[in-house]
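# Observations on chain architecture
Here's the letter readout for the chains.
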Amino acid sequence: MCDPLLSLFTAIKATALIQRWYRCKRAQLEIRRRYSLTIFESIEYADEQEQTQLSNFFTFMLEHCVHHGEDSYVIEYEKIDVPDSYRGPRLSFPLNIAHAKALLNALKNRQLLHPRYVLQLLRETRRLLKEKPNITHVSVSYFKEITICGDLHGNLDDLLLVFHKMYFLPSENNPYVFNGDFVDRGKNSMEILIILFVFLLIYPNDFHLNRGNHEDYILNMKYGFTKEVLKKYKVHGMTILYHLREIFSWLPLATLVNNKVLIVHGGISDTTDLDSLKLLERNKVMMFHDRDVPAHPKKLVPDRFCSSQVLDILWSDPKKQRGCTLNQRRGGGCCFGPDTTDQLLKKHNLKMLIRSHEFKPDGYDLAHDGKVITIFSASNYYEEGSNRGAYIRMNPDLVPHFIQYQVCVSTDKRKNWERVKTIEQSALQTLQERIFIHKQKLMDTFAKYDRNSTGRISVSDWAAVMESVLQLKLPWRTLKSRLVKTDPDGNVDYMSCFYYMDTVQPTLVETLCKYSRDLQMIFNIMDEDQSGLISPDEFRKTWKIFSSYLGIHSHDEAIDKLVQSIDYNKDGYIDFSEFLEAFHVVHKLENKAA
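As named in an unreviewed UniProt entry, the protein is Serine/threonine-protein phosphatase, taken from Chrysolophus pictus. The UniProt entry for the protein carries this comment under Sequence similarities (unreviewed entry): "Belongs to the PPP phosphatase family." The UniProt entry for the protein carries the following text under Cofactor (unreviewed entry): "Mn(2+)".

To continue, consider the packing of aromatic side chains. Each aromatic ring pair is described using two quantities: the centre-to-centre distance and the angle formed by the ring planes. Taken as a whole, this structure holds 19 aromatic pairs when the rule is applied. Measuring from ring centre to ring centre gives 4.8 Å for tyrosine 381 and tyrosine 382, while their planes differ by 55 degrees; the resulting arrangement is tilted. You can call tyrosine 381 buried: its relative accessible area is 14%. Judged by its relative accessible area of 15%, tyrosine 382 falls in the buried class.

Another aspect to go through is the sheet that holds strand E9 (residues 334–336). Ordered in space as E7-E9-E8, the three strands form an open sheet in which the pairing is mixed. In this open sheet, the two strands that pair with only one neighbour each are strand E7 (317–318) and strand E8 (324–326). Sheet topology places E8 next to E9; three bridges connect them, and they run antiparallel. Bridging from a neighbouring strand, threonine 325 pairs with cysteine 335 of E9.

The next subject is the environment of leucine 483. Tracing the backbone through its elements, the reader meets leucine 483 in helix H15 (residues 476–483). Between the C-alpha atom of leucine 483 and that of isoleucine 435, which follows or precedes it by 48 residues, the distance is 9.8 Å. Setting aside residues no more than four positions away along its own chain, leucine 483 makes contact with Leu428, Leu431, Gln432, Ile435, Trp462, Trp476, Ser496 and Cys497.

We now examine the packing of helix H3 (residues 115–129) against helix H8 (residues 237–250). Between H3 and H8, the least distance of the axes is 10 Å, while the angle of their chain directions is 20 degrees. One finds that H3 runs roughly parallel with respect to H8. Here H3 runs over H8; the crossing is left-handed. For the pair formed by H3 and H8, the contact residues are Val118, Leu119, Leu122, Thr125, Arg126 and Leu129 on the first element and Thr239, Ile240, His243, Leu244, Glu246, Ile247 and Trp250 on the second. A breakdown of the residues in the contact of H3 with H8 according to their chemical character gives eight nonpolar, three polar and two charged.

Quick notes on the rules
- Residues numbered from 1 in each chain as written.
- Predicted model: local features only at pLDDT ≥ 70, side-chain atom pairs only at ≥ 80, totals over all residues.
- Heavy atoms only, no water.
- UniProt positions renumbered as here; feature names shortened; annotations may be inferred.
- Phe/Tyr/Trp six-rings, centres within 6.5 Å; stacked < 30°, edge-to-face > 60°.
- Buried < 20%, exposed > 50% of the residue type's maximum accessible area, 1.4 Å probe, protein only.
- Pairing = 2+ DSSP bridges.
- Helix = DSSP H or I, 4+ residues; strand = E, 2+ residues; numbered from the N terminus.
- Contact = heavy atoms within 4.5 Å.
- Axes fitted to C-alpha atoms, helices over the stretch in contact; angles between N-to-C directions.
- Parallel < 35°, antiparallel > 145°, perpendicular 65-115°, else oblique.
- Left-handed = near helix turned anticlockwise from the far one by under 90°.
- Nonpolar A, V, L, I, M, F, W, Y, C, P; charged D, E, K, R; others polar.

Take a look at the structure:
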């Protein structure tokens, strides 16, 4: 009798130990997954903050450098030949559901819509959007539900999966709201826009689009959409981008469901006023990212007041604390607390606010006692397996039901620890690049703590330096073992932060990492004909605009000498490699002078 009981006891004890070990391993994996996502998110916000700080400069450059009138981009699409060899979808207007189904099938198979049809589609879309109000009113009857989708960011597979899970495509009885950020980051932003615009034209009263902060031509230059369009439509790419810039300016700013549920891309502020939003000319609003708001917003000049209203709608995030403060993480919009939410809901007799704009691991999140819902529809946003996407189904009772999903290419074939390892490695690589960007400043600050020049400092000092320089609000002590080496005494070898890139010329890599995206934007602005080369005339014209922005005077002779010094191969043009190298030389000289 004892032996069976002993064996049973041993088995139970072993089972308990295995369960404890398993739960411990799962907890460790979850910690690694969460800090990896925190790294991605912190760097994304820091990147956006830098972008918004430069936004006014880029806006000035574009407005003064690009002198093409509308006539320059008026191309009669009927005159664009569609060859017999073209095997993609063909559109005829007015569109119907058969066109939409054929288009979905073609784009699913990675076929490209011919530019003739793209330009015709854009013309019709612009015509329709100009008739739309700033705030779209949607009524959900007792016979139908509405679907609300968040950020897609160029992930075509997510959009196709949403349609597949719904079993029904958009229709009069199956309305949709897509809440902005259709483009950038992903590889198929153009295909997503084509699909959305087609359904908008077929069901103008039952298919609704809100503008997101990435429906912005300056952000598109940095985050990939401009490059995607020019790559896919080499001949007509600039024309397509011109028309999209205007279409983006005409996208509605909000949707109101049954006069009770407000849907905006980002959020609100304590100055958000729906009556004011209804009246402004949304296509003429210029974004001022240096939001210098006086005590009372009505004292702003009209352009500034309109800009701040739209900026808050597109860029704001909710926070747990009361009050409304500037959104320092992103550099634009506000962080609004539960009291700000209650104020707006009470003022306009609303039930809840639905917004997107913010990555969520589960695809959705509730804040402010469920009165603010975040919906994020781009799965695998940072890395495959990093997050689920989600959308909302809402019935006439206005009760949200969340449907989650994840596009799986190889995720299902890998074990959980393999997925976490991939996410973690990608996050750490992104962080290491960020660290290298700030190498010089980090080394200078480390040296202040290393008074005896030992190359080592305490863990607490290392963590303090990393945060003071990078300002990413990361758990540096937790990340220490993944980023640096320590000696037997537990002190940090701070130079080991940079070991992984020792094989490359350090100063050049640091410079290019830090400025390549912004330089690519400036290069694209100067390269007016998008030939991939800057001519002397293009350089001269842009340099004069740049000089006027800085308030300095420049002579043609000096500008011509500058062009010749940058044109290393002496072919009469400046390519991007020459442009980068010239900037690197200037940056190196500035560092020496400092």
